[in-house]
Structure formats: C-alpha cells, structure tokens
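Per-entry structural report
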Amino acid sequence: MRELFGVLRSLVVYWRPGRQKALRRLYAPFVSRGAVVFDVGAHLGDRTAAFSRLGAAVIALEPQPRVARWLRRLVGRRPGVRILEEAVGPRRGQARLAVSRLTPTVSTVSRAWREDMIQRNPGFRGVRWDDEVEVPMTTLDDLIERFGMPCFCKLDIEGYEADALEGLSRPIQSLSFEFVSGGLGVADGCVSRLEALAPYEYNAVAGEGRTFLFPSWVSGTDLRAWLARGADHLPFGDLFARRSGVTT
C-alpha cells in the first residue's frame, strides 16, 4: 500500500495537466529531432515523454523494479523509447539501491547522500529507506558505446550524479543534473567533472520550474561560487550545462 501511495503521489506531481507542454518548451533548445537522449533516473517518464515528443530516441533508465513497471505502462510504447532497468555509475557491475516505498523519487545508491540529507535537509527528516535491492549498474561511456552519443543527458539519481559522471570520458553536448539543499557538494562535483572534460557554461532552474534563473549563462567558476553561497537557499532544482559557444 505504501508503494502504491508513493507512485500515485508521483503521478499527481509529474503527470498533471499542462506539464508536458512546459517540459517541451524547456528542453526543445537542447533536443534535436532524430538524436539520442539519455534520461537517467526516468522515474515515471514525464521527461521521457517530452523528449520523445520532441522527436528524440530516448534511452530511459530506471533501476527500481516496481517503478520501472509503471514507466513501461506510461511511456514504454512511445516511438523511439527504450527502457533499461539499470543504475548508472562510475563502473559496470552491481549496486545496492536503497528504496523508499513511500517516496520512491528519493531512492538512491548513495549511502553518503542519504546520511547528509537526513542531517542537513529538514525536508528529509521523515523519509525512510525501507527496502534494498541489488540492481545492475552501467556507465555513461557504456551507454554511448551501445546507443550513440546523446545530444542531451538528464541525470536525476539522488546524490549519485557526480559518481555517474566519473563513468564519462568524453564530453556530451548538453546535460542537466539535480541540486538539493544539504547536498550541494554533489552538484559542485558534477561541475568539476564536466570542466575536466571540456569548457561548459551553466544555468539553473528552481524546483520544478520551467524558466532559467540567470539572465545569461555563467562559467563553471561562477556557478561553483553560487553553489558555495548556498544556491540562493533554494530547496532543490536542476542545473543545465552546455558546451561553451553553443547558443539556445
């Protein structure tokens, strides 16, 4: 029952009327028709659907077995969508996924992130990770080898984004990754890893918003300074990175 309630809550949040149109507007500058997109941490597939409707071939990864079944029901038959029940990390192998049945959006491979969130983010005080499953783990490099270089990669894997980027050895044109209050070091680690691969510029979206916070894209140095100042005390959001010199 707790699992069903968690999924139903996600359905209300991520599949509410009007959301798809707003998602397509947000991602359209980054997604080319006919190109590949990686949706890492696809959950119930709201962004997978948006990428598909923009004409991309979407590789959607969701390691939670029960959530993946819902993902297949919701978007599995869409043209160009392929669903993989795999986690993404620094190396191929197996991983232990801590599952929160009531709040499946915060299920994670990262024990350190769980501990940080409980200690540093009041919004996580009531979260319980009450199950654990072993899941296959792949890397971004392996996905590129299997499916081709994506034009865009969305990473939303609850504190494991920087670890996933350790499994990437060549720059992707554009990406997004989550930031969360109490765990901003993960986002800083993502920027550090991307900057080791190529020059990028960055912007941010607050919460589940659909507009960029910064009037112009900023350097990695400026973004890391913003994160160090507390990211305007925002509870969470997404950071977008694009190769320097790309216009949207």
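Reading guide: rules and limits
Residues numbered from 1 in each chain as written. Predicted model: local features only at pLDDT ≥ 70, side-chain atom pairs only at ≥ 80, totals over all residues. Heavy atoms only, no water. Buried < 20%, exposed > 50% of the residue type's maximum accessible area, 1.4 Å probe, protein only. Helix = DSSP H or I, 4+ residues; strand = E, 2+ residues; numbered from the N terminus. Pairing = 2+ DSSP bridges. Right-handed = clockwise from strand over helix to strand, strands pointing away. Phe/Tyr/Trp six-rings, centres within 6.5 Å; stacked < 30°, edge-to-face > 60°. Contact = heavy atoms within 4.5 Å. Axes fitted to C-alpha atoms, helices over the stretch in contact; angles between N-to-C directions.

Next up on the list: the pairing of strand β2 (residues 57-61). Of all the five residues making up β2, four are buried; the element is thus mostly covered by neighbouring parts of the structure. Bridge analysis of strand β1 (residues 36-40) against β2 gives five bridges, and the strand direction is parallel. Following the sheet pairing, F38 is matched in β2 by I59. Crossover connection from β1 via helix α3 (residues 46-53) to parallel β2: handedness right-handed. Relative to strand β3 (residues 81-84), β2 runs parallel, the two being bridged by four bridges. Paired with L61 across the two strands is L84, which belongs to β3. Regarding the hand of the β-α-β motif, the stretch spanning β2, helix α4 (residues 65-75) and β3 is right-handed.

Let us look at the packing of aromatic side chains. Throughout the structure, instances matching the rule amount to 15 aromatic pairs. With a centroid separation of 5.6 Å and 35 degrees between ring planes, the pair formed by F30 and F152 is classed as tilted. Taken together, the positions of F30 in the loop between α2 (19-27) and β1 and F152 in strand β7 (residues 152-155) put the pair 122 residues apart, joining distant regions of the chain. Take F30 and F152: they sit in the same class, and that class is buried. With 5.5 Å between their ring centres and 90 degrees between their planes, W113 and F124 make a pair best called edge-to-face.

Time to look at unusual backbone geometry. At A231, a position not held by glycine, the phi torsion is positive, near 55 degrees. Note on placement: A231 falls in the loop between α9 (220-228) and β11 (236-243). Judged by its relative accessible area of 0%, A231 is buried. If you check the backbone angles, H233 has positive phi at about 60 degrees while not being a glycine. On the basis of relative accessibility, which here comes to 73%, the residue H233 falls in the exposed class.

Another point: the sheet that holds β11. Strands in a sheet are paired, the pairing made by backbone hydrogen bonds, and the direction either parallel or antiparallel. Across the sheet, eight strands lie side by side as β3-β2-β1-β7-β8-β11-β9-β10; this open sheet has mixed pairing. Of all strands in the sheet, those with a lone pairing partner are β3 and β10 (218-219), marking the two edges. Where β7 lies against strand β8 (residues 174-180), three bridges are found, and the strand directions are parallel. Across the sheet, the residue bridging to K154 is S176, located in β8. Packed onto the sheet, helix α8 (residues 184-197) meets β8, β9 (200-206) and β11 and runs at close to 155 degrees relative to β8.

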